[in-house]
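Take a look at the letters that make up each chain.
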Amino acid sequence: MMTNAPVEPTIGPAEVARLAGVSASTVSNWRARDLGFPEPVTANTSRPLFRLADVEDWLTLHAPGKSRTRSDRPAYVLVNMLRGRISADNYVDVVLPVLCAVKVLRDESPGRAASLRSLSSSLDEVTTLLTSHGRFLGQAFANALDILGPSAADVMDALAAEVKPGDDLAAVAEDLLALSTESTRHNVNVHSTGPQLARLIAGLVPDEARDVADLACGAGDVLRTIAEAHPEIHLIGRDISDDALQLVACRFFLERISADLEHSDLLHPTNGSYNAVVIDGPLGLRLDESELAAVIPLPFGHSKANRGETVWAQLAFRATNSGGTAIVLTTEKSLAAQRNAPDVFREMLFAGVVEAVISLPARALQRTSIPTQILVLRNRIDLDATEPVLMIDLAEVDGRRGLAPSQVDDMNIIVRNWREDRLVLNSNAVAVPVRELAELGAPRTPRAWLIAKRPVDLGGLRISLATAESAFATAQAEISTLRHAPIQLVEREHPAELHPLDSLLEVVRSFLTSTSEGEGHPVRMITPKSVRTGEIAERNVKTLPSESSDLRTKSGDVAVAVVGSEIVTRVLTEAGLVVDSNVQLVRDPAGRFDPHVLAQLLRTESNQALVSDGVITRVEAGKLRVPLLPLDEQARLSAVIRQLADANQIAAQLAQASEDGARALREAIMSGRLAAGDSNE
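Here goes a summary of the coordinates provided. (Residues numbered from 1 in each chain as written. Predicted model: local features only at pLDDT ≥ 70, side-chain atom pairs only at ≥ 80, totals over all residues. Heavy atoms only, no water.)

**Quick word on the pairing of strand β6 (residues 274-279)**
No. 1: The element β6 is largely enclosed, with a buried count of 6 among its 6 residues.
No. 2: In this sheet, β6 lies alongside strand β3 (residues 211-214) in parallel orientation, the contact comprising 3 bridges. Paired with V212 across the strands is A276, a residue of β6.
No. 3: Note: β6 against strand β7 (residues 320-331), 5 bridges, orientation parallel. What sits directly across from Y274, in β7, is T320. (Buried < 20%, exposed > 50% of the residue type's maximum accessible area, 1.4 Å probe, protein only. Helix = DSSP H or I, 4+ residues; strand = E, 2+ residues; numbered from the N terminus. Pairing = 2+ DSSP bridges.)

Here it is in C-alpha cells:
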C-alpha cells in the first residue's frame, strides 16, 4: 500500500528555483559554485532530486529572505507523493483528474466524506460522473488510471486522502500548473499562452460579444481570462490535441467555467460562426499543397510561401459572423509583401477589415522570441475601406520578461478609446490611413508608423540642439584642463605572482533578479549596463535585501560583469544599491588594493580569456587573477589610471554631445519646419 505522505520529500532544480523565487539558471549557478549546495539523493544526473529539508536549510544560510513557504502547500505535497512512481511529465495528468474526482464526489454526495478516503471503491462511479460533465473530463480521469497502472487504486486513495476539506481545489490546480510550467518537457508549456498575453487578447474581445471561439485553445488560458472579463459570454474551445482539451476540461470543471470543447484541426475546421474568434496557432509553419487545398478558397488569397499565419488569420475571419471580431497571433514577417505573389495583408486593407495591428515584446509568447504581432480583423456589416487602421507598438517597451501588466492596461484603454470615439490618446499608438498603409513599399510595423507620424516638436528640437551645443562646449573646455601624469615603468627583478581573486578578496555573488513591472519592491539596482555606463537602473525585485545585506553595495566596491563577451568593471561610490544576479562585487576589507587599480587589472587580456564562450557569456570573478602590489606603487598607478579614466569619460561625453547635436540637427531639417538662419543674426 502507498503511504499517505512521503518520509523525505524531494524536489528537482526547477522546483528549487520556484521555492526560492529565482530563475532556473541561478539554481544551476548555486550548484556549480562551491557553496555547499546539497548533493542530489538520486543517481540520475540529468534529473537530480534533492531533499527538501536540506534545500530549505541551505537557503536559510545562503539566501536569506527567499521564499520557503511552498513546501507544505497541497500541490507540492501531492507531487512529492508521486515522485519515483511516475514520470514528472505526468504529474499534472494524474493530480488534476484526482482533484476533479474529489470535487465531483463533494458536489454529488456532500455527505460521503469517507469516499474521499477510499476513492478506489468509487472509480466506476467517478468515471461516470465526470463523463456526464464532459467527455474530455472522463477521458482525463481514465488517462490518469492508465498512467498509474496496477497501483492506480492505492495511489488514488492516498492522493484523495491528502486533499483537505478546506482546500481550494481550483487554487491547488493552478499552483500545480505553475509548478509544472518550469519543466520544459511538460505539455503545459506547449499549450500555455501566459497570463498577460491572455489578458491582452481578452481585452480585444468586444464588450457586446455573446460568444467567443478559441480555435487553438491550448491550455485554455485565453478562454479562462475572457470568462473573468465577460462572465456571461459563451465559450467555445477547439484544439487538435486531446491532451490539451483534457487539461482545459479539468481546469474549467474545478473553476466552474462552462465551455463547449471539441477536437478540431485548424485545417479542417468545424462549421460555425461566432461574435469573436481567437487563433494562437503554430508560427512559422508552411503548408504543403494538400494542406492548403483543405481550406481554399480563402477570402483574401494565400501567400507564395503558403505561410500558416496568413491562413490562420483568414480562417479566423471566415469563422466570424457579421460584425464579428477575429484576433490572431502572427509574425511580423507574415504581413510583409512578397515579390510576384499575392499580398494577403494588402487585400485585407482594401476590403476594410483590418481594425488594428499590435506589435508584441520579444518574450510575450512563452514558446518563441521571434517578433510577433496581433492582427485584429472586423467582419463589419458596413465595410469601409477608408477607415484608418490602429497601429499599437508594445515591442519597444522593455519586454525582456514579456508583457508588463501596465502595458496590457494601456493597450486596453487605447482600444476602448478607439472603438468608442475614434480617439488615439497614447504615444504608443497611431491611426494610419488605409491608402498610406497599402502603398507599395510602405512599412507594415507599428514602430515604423509611430516614428513617421510622430508630431514635430519644434520647441523640443531647438532645446535638443542647444543642449548638444552646450555639452559640446563644456566637453571641449574640460579637455583643456587635463594634465598628463607621466609614470616611469621599470623591469622587476622577480615577476609579481598572480593570485586568484577569491584568495585575497571577498567576492559577493547576488541571486536577485528583477521582476515584471508592478510586481515586488522598487529598487535602484546595479546591472551589467550600469557597470558599463554608470547609469543606475530602476527595477523591481521579489525579495528586498536589508540595508545591511551583503547584496547591497558599499563605497569602494568594484563591480564586475560581462557585457557582450567582454569583462567590464566599475568602482562604486554609492552605498546601498541592490545588485543584479549578473553582477559580482569585489570587496577589500583588509585594504590591500587601490580599487581603481584593481578594476583595471580585472580587465586585462589574461582575465578576458576566462570569460566563458557558451550561449550565455559569464565569468567567475573569484577565478580572475591579479598581482598583489605594494600600496605605494598602487597609489602611483592609481593617479595615472584616474587621469586616463577622466580623459576617457570626457572624450565619451564629447562624442555623445556631438552625436546628440547631429541627431537634433537632422531631425530639425527633416521636419521641414526649421531653416538654417544667418549665423551673424
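**Some points on the sheet that holds strand β16 (residues 558-563)**
No. 1: Spatial strand order, β13-β19-β16-β17: 4 strands in an open sheet with antiparallel pairing. The sheet terminates laterally at β13 (506-509) and β17 (566-571), the two strands that pair on one side only. The mean inter-strand angle of the sheet, taken between neighbouring strand axes irrespective of direction, is 25 degrees.
No. 2: In this structure, β13 lies alongside strand β19 (residues 584-587), joined through 4 bridges in antiparallel fashion. Within the sheet, the bridge partner assigned to E506 lies in β19 and is R587. (Axes fitted to C-alpha atoms, helices over the stretch in contact; angles between N-to-C directions.)

**Some thoughts on the packing of helix α7 (residues 135-148) against helix α8 (residues 152-162)**
No. 1: Relative to each other, α7 and α8 sit at 115 degrees, their axes nearing to 8 Å. Crossing hand, α7 versus α8: right-handed. Of the residues in α8, those touching α7 at F141, A144, L145 and L148 are A152, V155 and M156.
No. 2: Per-class residue counts for the contact of α7 with α8 are 7 nonpolar, no polar and no charged. (Left-handed = near helix turned anticlockwise from the far one by under 90°. Contact = heavy atoms within 4.5 Å. Nonpolar A, V, L, I, M, F, W, Y, C, P; charged D, E, K, R; others polar.)

**Points about the sheet that holds strand β4 (residues 234-239)**
No. 1: With mixed pairing, 9 strands are arranged side by side in an open sheet as β5-β4-β3-β6-β7-β9-β8-β10-β11. Looking along the sheet, the strands with just one partner apiece sit at the ends: β5 (259-263) and β11 (429-432). This sheet shows a mean twist of 15 degrees between the axes of neighbouring strands, independent of strand direction.
No. 2: In the sheet, strand β8 (residues 354-359) pairs with strand β9 (residues 372-379) via 5 bridges, with the strands oriented antiparallel. Note on β9: the bridge partner recorded for A356 is V376.
No. 3: The strands touched by helix α13 (residues 242-255) are β4 and β5; relative to β5, the strand with the most contacts, the crossing angle is about 165 degrees.
No. 4: Contacts from helix α15 (residues 308-318) reach β6, β7 and β9 within the one sheet, and its direction differs from that of β7 by about 160 degrees.

**Things to note about the side chain of Q584**
No. 1: Along the polypeptide, Q584 turns up in strand β19.
No. 2: Within the structure, Q584 has its side chain in polar contact with the backbone nitrogen of A621 (distance 3.1 Å).
No. 3: Once you skip the residues sitting within four places of it in the chain, Q584 turns out to touch V507, V508, R509, V558, A559, V560, V619, E620 and A621. (Polar contact = N/O pair within 3.5 Å; in protein donor to acceptor, adjacent residues only side chain to side chain.)

**Thoughts on the packing of aromatic side chains**
No. 1: Per the counting criterion, the structure on display carries 3 aromatic pairs.
No. 2: Plain terms: the ring middles of F300 and F317 are 5.4 Å apart, the flat faces sit at 55 degrees to each other, and that makes the pair tilted. Here F317 lies in helix α15 and F300 lies in the loop between α14 (289-293) and α15, a separation of 17 residues in the sequence. Summarising the burial analysis for this pair, F300 and F317 share the class buried.
No. 3: These aromatic residues form a ring-pair network of at least three members: F37, F50 and W58.
No. 4: Over the aromatic face of F253 sits the side chain of K103, whose NZ or CZ is 4.4 Å from the ring centroid. (Phe/Tyr/Trp six-rings, centres within 6.5 Å; stacked < 30°, edge-to-face > 60°. Lys NZ or Arg CZ within 6 Å of the ring centre and 35° of its normal.)

**Considerations on α8**
No. 1: Among the 11 residues that make up α8, 9 are buried, leaving the element largely enclosed by the rest of the structure.
No. 2: The set of residues buried in α8 consists of A152, V155, M156, D157, A158, L159, A160, A161 and E162.
No. 3: For α8, the secondary structure elements touched by its buried residues are α4 (74-82), α5 (91-108) and α7.

**Describing a negative patch on the surface**
No. 1: Residues D207, E208, E420 and D421 make up a contiguous surface patch of negative charge.
No. 2: Mapped onto the fold, D421 is located in helix α17 (residues 405-421).
No. 3: For D421, a relative accessible area of 48% puts it in the partly exposed group. (Patch = residues over 30% accessible without salt bridge, like charges linked within 9 Å, V, L, I, M, F, W, Y side chains within 5 Å. Areas by Shrake-Rupley, 256 points an atom, 1.4 Å probe, with all protein chains shown as cover. Salt bridge = Lys/Arg side-chain N within 4 Å of Asp/Glu carboxyl O. Lys, Arg positive; Asp, Glu negative; His and termini not counted. Charge placed at Lys NZ, Arg CZ, Asp CG, Glu CD.)

**Some thoughts on helix α16 (residues 344-351)**
No. 1: Among the residues making up α16, those that are buried are V344, F345, M348 and L349. Seen along its axis, α16 keeps its buried residues to an arc of 145 degrees; they face one direction.
No. 2: Taken together, the buried residues of α16 touch α15, β8, β9, β10 (389-393) and α18 (434-437). (Arc of directions from axis to C-beta.)

**Observations concerning the nonpolar core**
No. 1: The biggest cluster of nonpolar side chains holds 93 residues, and the ones touching the most others in it are L96, L99 and I374.
No. 2: Looking at which element gives the most residues to this core, the answer is α5, with 12 residues.
No. 3: Apart from the residues lying within four places of it in its own chain, the contact partners of L96 are A173, L176, L177, L247, C250 and L254.
No. 4: One finds W312, V344, V357 and A438 within the second-largest nonpolar core, a separate group that totals 42 residues. (Core = buried A, V, L, I, M, F, W, Y, C linked by side-chain atoms within 4.5 Å.)

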